[in-house]
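# Structural overview for review
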Number of protein chains: 2
Amino acid sequence: MRRLRVAVVGATGAVGRQMLSLLEERRFPVSDVVPLASAQSAGKRLSFGGGEVEVRALGPGSFEGVELALFSAGASVSREFCPVAAQAGALVVDNSSAWRMDPQVPLVVPEANLAAARTRPKGIIANPNCSTIQMIVALDPIRRAAGISRIFVSTYQAVSGKGARAIDELRVASERSLRGEEHAYQVFPGPMAFNVQADWKPAEGGYNEEELKMVNETRKIWGDPSIRVSPTTMRVPVLNGHTESIVVETTRKVTVAEARRLLSSAPGVVLCDEDRQPLPLAASGRDEVFVGRIREDLAVDNGLCLVVAADNLRKGAATNAIQIAEKLLLAAA
Amino acid sequence: MRRLRVAVVGATGAVGRQMLSLLEERRFPVSDVVPLASAQSAGKRLSFGGGEVEVRALGPGSFEGVELALFSAGASVSREFCPVAAQAGALVVDNSSAWRMDPQVPLVVPEANLAAARTRPKGIIANPNCSTIQMIVALDPIRRAAGISRIFVSTYQAVSGKGARAIDELRVASERSLRGEEHAYQVFPGPMAFNVQADWKPAEGGYNEEELKMVNETRKIWGDPSIRVSPTTMRVPVLNGHTESIVVETTRKVTVAEARRLLSSAPGVVLCDEDRQPLPLAASGRDEVFVGRIREDLAVDNGLCLVVAADNLRKGAATNAIQIAEKLLLAAA
């Protein structure tokens, strides 16, 4: 199999490191890897392929000969450098929010809308938000079978979605809290140890950015602007692994038995037995989306309740991006 | 003011201790306190009123001369001993689930349905479940103004609701987890440190006991069996303070401005400024219910989203019970 030159932009971040380790773990055919980051991180060494690779400073010349560029360095970096990488001939898969709502950029969850990735006039494919990805993977089989009109979702999001520094801060703050000491938070806007909060920027109508991403990205991925999504996003003191409580209203009645049958054979889904439940701690380190606690909803007639957990750094970010690349670059090889 | 002989059943538990400290804090006119618990706890000394009181073993003769009996020792103890205390002439306020759905026992949140407490053929008043109480306090002003047809609620519940041993276990398990060590859980059915789970007993239709309490108690308190409640209850690694993400559908449109106006003057409610949010860590130690993040819902036409946080040991249990007693016993004094 032909091997590819792969750039990872934001290689020292929580998602970037996960991308590097997934390239190894999934035996992605890499000829050489180009880890890119800000100038401050240049020169750092990261383990890869049994050896080490040196982080280089991202610049206009970084993408020469690169065939796949995986971006996870924030929206402003992506806005500037995704077009540079695409111009250099790379397939670009961007994990930031920069291009997600661009009509010329497909927004892709392979289990749901891989076909959209075939048309990419800018050479860029956007990876959805972590919370959106796991919801789409869990609900897509139900949508295909019965249609979806409304979704009510409340999230229980891990701190890893805020980056490696957030993980460190929750650990340190938890230790201090257990010793009865104060912690001066730097990454979180307020206390995160043994607390619950929404720590995203306010956006519109009282909703925060994360919540509006769940609304807009869901509609774009499914190509259905009529779907109504009611989102409340919250951060919980979990290191890694997002959980979601979802009520979904379908356009025709779906029984719990039918939903379980649909999900038991769905791609990328692990259906939990009825006496088990999806747990973020168990989902952490796994590539699948765990679905369980499926119940007939008590408030809407064609409603189902379910709980969904997934590793937000893997399926919610790095795994989804690499799966897109695998489908597009390796299927033909 | 006449002083009352007050029994606290389950005095060594998390809620029982909270009841004792609230009797002091609220200067409840106690002549003497009778702390009751199981035979194993008898002889333990608890601080009260600047001195100490000795825990006695609960028995048929425990309630002689008792005018107020506050129960929080589990449903089986309440089933046996609430009638004994009532027979002895005490006003009984029971925090367990034993009597909540008994048609001859009023289920009371003072802010919402104090009048129901006046008719108590068994001499027993039931205190609702913690998750129900804070939801009722937050939504009652909206219901009075506009009626409520549906509620979708996802909870983020603290471990203190499971008792004092659960608080200890989360602390120890968190310390061990941060050191990379395993913990053999005894109170929780599975890992709780840095995890999310529903740890209540399965009840019916995939719902657990806690979820069905929220459905049935809400209908009873508001005297409206037509209200549809969709509950998902989850435990998060928070020591004390429950949070809830709620979508409420009203029978007529309520704007965010109207909801904020209604809640700003509502009894027992602290309305958070628009740039703040209810936090369980901040609600812990407080008697009010914190309400915020009020948004026009995006999935139902007459819908509002809100986030609610309260101290589950205080307003969710001990405070609510003592407020009932204050209203019934002291108002006339």
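Residues numbered from 1 in each chain as written. Chains lettered and ligands numbered in written order. Predicted model: local features only at pLDDT ≥ 70, side-chain atom pairs only at ≥ 80, totals over all residues. Heavy atoms only, no water.

## Topic: the overall build of chain A
Counted only if it meets this: Put simply, DSSP marks the helices as runs of H or I at least four residues long and the strands as runs of E at least two long, and each gets a number from the N terminus on. Here the globule rule reads 2.2 Å times residues to the power 0.38, and the radius of gyration is calculated from C-alpha atoms. With a 1.4 Å probe rolled over the protein chains alone, any residue whose accessible area is under 20% of its type maximum counts as buried; one over 50% counts as exposed, and the rest are partly exposed. In this description, contact between two residues means that some pair of their heavy atoms is separated by no more than 4.5 Å. All accessible areas in this document rest on Shrake-Rupley with a 1.4 Å probe, and a residue is counted as covered only by the protein chains that are shown. Counting rule applied: Lys, Arg positive; Asp, Glu negative; His and chain ends not counted. In this description, the location of a charge corresponds to atom NZ of lysine, CZ of arginine, CG of aspartate or CD of glutamate.
A count of helices and strands for chain A gives nine helices and 16 strands. Radius of gyration (C-alpha) of chain A: 20 Å, near the 20 Å computed for a compact globule of 333 residues. If one aligns the C-alpha atoms of chain A with their principal axes, the spans along those axes are about 55 × 55 × 40 Å. Sorting the 333 residues of chain A into buried and exposed places 61% on the buried side. For chain A, long-range pairs separated by at least 24 residues make up 66% of all intrachain contacts whose partners lie at least 6 apart in sequence. Surface exposure of chain A reaches about 12,500 Å², of which carbon and sulfur atoms provide 47%. Both charge centroids of chain A, one from 39 positive and one from 37 negative side chains, sit 3 Å from each other.

## Let's talk about the packing of helix H4 (residues 130-146) of chain A against helix H7 (residues 256-264) of chain A
Residues and elements named next belong to chain A. For clarity, the threshold we go by: To define axes, lines are fitted to C-alpha atoms, for helices over the stretch in contact only, and angles between the resulting N-to-C directions are given on a 0 to 180 degree scale. Handedness of a helix crossing follows the sense of rotation of the near helix relative to the far helix, less than a right angle counterclockwise being left-handed and clockwise being right-handed. Amino acids outside the nonpolar list (Ala, Val, Leu, Ile, Met, Phe, Trp, Tyr, Cys, Pro) and the charged list (Asp, Glu, Lys, Arg) are all regarded as polar, and Gly is one of them.
Across the interface, H4 lies against H7 with an axial gap of 9 Å and an inter-helix angle of 115 degrees. The way H4 lies across H7 gives a crossing that is right-handed. Here H4 contributes Ala138, Pro141, Ile142 and Ala145 to the contact with H7, which in turn contributes Glu258, Leu262 and Leu263. Split by residue class, the contact of H4 with H7 holds six nonpolar, no polar and one charged.

## Let's talk about the sheet that holds strand S2 (residues 30-37) of chain A
Residues and elements named next belong to chain A. Cut-off, in case you're wondering: What makes two strands pair is DSSP finding at least two bridges between them.
Strand order in the open sheet formed by six strands is S5-S2-S1-S6-S7-S8, and the pairing between neighbours is parallel. Where the open sheet ends on each side, the last strands, each with one partner, are strand S5 (56-57) and strand S8 (124-126). Relative to S2, strand S1 (residues 4-9) runs parallel, the two sharing six bridges. Paired with Val9 across the two strands is Leu36, which belongs to S2. The strands touched by helix H9 (residues 314-330) are S1, strand S6 (68-71), strand S7 (91-94) and S8; relative to S7, the strand with the most contacts, the crossing angle is about 160 degrees.

## Considerations on the pattern of salt bridges
Our working definition: Counted as salt bridges are all cases of a side-chain nitrogen of Lys or Arg within 4 Å of a carboxyl oxygen of Asp or Glu.
Taken as a whole, this structure holds 46 salt bridges over all chains when the rule is applied. The partner of Arg252 of chain B in a salt bridge is Glu258 of chain B, and the shortest N-O contact between them spans 2.8 Å. On the basis of relative accessible area, Arg252 of chain B is assigned to the partly exposed category, the value being 36%. Take Glu258 of chain B: its relative accessible area is 14%, and that puts it in the buried class. Ionic contacts of the salt-bridge type, sharing partners, join the residues Glu25, Arg26, Asp287, Arg314 and Glu326 of chain A into one network.

## With respect to the interface of chain B and chain A
Put simply, an interface is often sized by how much accessible area is lost when its parts join up. For the record, the criterion: A quick way to say it: buried area is the sum, across both parts, of accessible area lost when two parts are put together, with a 1.4 Å probe. A 3.5 Å cut-off defines polar contacts: any pair of N or O atoms within that distance qualifies, except that in protein one atom must be a possible hydrogen donor and the other a possible acceptor, and neighbouring residues in sequence count only when both atoms are side-chain atoms.
With 53 residues of chain B at the contact, the number on the chain A side is 53 residues. Here chain B and chain A share an interface that buries about 4,500 Å² over both sides, 57% of which is from carbon and sulfur atoms. On the chain B side of the contact with chain A, Leu178, Phe194 and Leu298 of chain B bury the most area, a combined 16% of that side's loss. Counting across the interface, chain B meets chain A through six salt bridges. The residue Asp301 of chain A makes a salt bridge to Arg228 of chain B at a minimum N-O spacing of 3.1 Å. Inspection of the region where chain B meets chain A yields 31 residue pairs in polar contact (both at pLDDT 80 or more).

## Quick notes on the relation of the copies chain B and chain A
Put simply, the test is: The least-squares superposition of copies is restricted to C-alpha atoms, and to residues with a pLDDT of at least 70 in both copies.
With an axial shift of 0.0 Å and an RMSD of 0.0 Å, the rotation relating chain B to chain A amounts to 180 degrees. The two molecules are tied by a two-fold rotation axis, judged by turn and shift. Of the interface residues in chain B, 100% have counterparts in chain A that sit at the interface too, so the contact is made through matching surfaces.

## Some thoughts on the packing of aromatic side chains
Applied cut-off: Two rings from Phe, Tyr or Trp (for Trp, the six-membered ring) form a pair when their centres are within 6.5 Å of each other. A pair whose planes differ by under 30 degrees is stacked, one over 60 is edge-to-face, and the rest are tilted.
Across all of its chains, the model carries six aromatic pairs over all chains by this definition. Measuring from centroid to centroid gives 4.0 Å for Phe152 of chain A and Phe152 of chain B, while their planes differ by 15 degrees, and the two rings are stacked. Residue Phe152 of chain A is found in strand S9 (residues 148-156), and its partner Phe152 of chain B is found in strand S9 (residues 148-156); the two belong to separate chains. A relative accessible area of 5% means that Phe152 of chain A is categorised as buried. Summarising the aromatic geometry, the rings of Phe63 of chain B and Phe71 of chain B are spaced 5.7 Å apart at their centres and angled 20 degrees between planes, so their arrangement reads as stacked. Considered together, Phe63 of chain B and Phe71 of chain B belong to a single accessibility category, that of buried residues.

## Comments concerning the domain arrangement of chain A
Residues and elements named next belong to chain A. Stated precisely, the cut-off is as follows: The split into domains, and so the bounds of each, comes from an automatic or database assignment of domains.
Entries for chain A in the domain assignment read domain 1 (4-129 + 317-330) and domain 2 (132-312). Computed over C-alpha atoms only, the centres of domain 1 and domain 2 are separated by 24 Å. Every contact between the two is made by 22 residues of domain 1 and, on the other side, 20 residues of domain 2. Together, the buried faces of domain 1 and domain 2 total about 1,700 Å²; carbon and sulfur atoms form 56% of this surface. Of all residues in domain 1, Glu111, Ala112 and Asn129 give up the largest surface area on contact with domain 2, accounting jointly for 36% of the area buried on that side. At the junction of domain 1 and domain 2, the tally comes to two salt bridges. Between Asp287 and Arg26 there is a salt bridge, with the nearest N and O atoms lying 3.6 Å from each other.

## Some points on helix H2 (residues 75-87) of chain A
Residues and elements named next belong to chain A. Short version of the rule: What a helix is expected to span follows from its residue count: subtract one and scale by 1.5 Å. A residue's bend is given by the angle between axes fitted to the 7 residues ending at it and the 7 residues starting at it.
For H2, spanning 13 residues, the distance from its first C-alpha to its last is 18 Å, which sits close to the expected 18 Å at 1.5 Å a residue. Bending of H2 peaks at approximately 35 degrees at the position of Phe81, with proline Pro83 no more than four residues after it. Within the sequence span of H2, burial applies to Ser78, Phe81, Cys82, Ala85 and Ala86. The elements touched by buried residues of H2 are S6, S7 and S8. Following H2 by one or two positions, Gly89 adopts a phi angle in the positive range, close to 105 degrees.

## Observations concerning the environment of Arg79 of chain B
All names here are of chain B. If you trace the backbone, Arg79 turns up in helix H2 (residues 75-87). Taking the relative accessible area as the measure of exposure, Arg79 reaches 48% and is therefore partly exposed. With 72 residues separating them in the primary sequence, Arg79 and Ala7 have C-alpha atoms 16 Å apart. Beyond its immediate chain neighbours, meaning those up to four positions away, Arg79 contacts Ala98 and Trp99.

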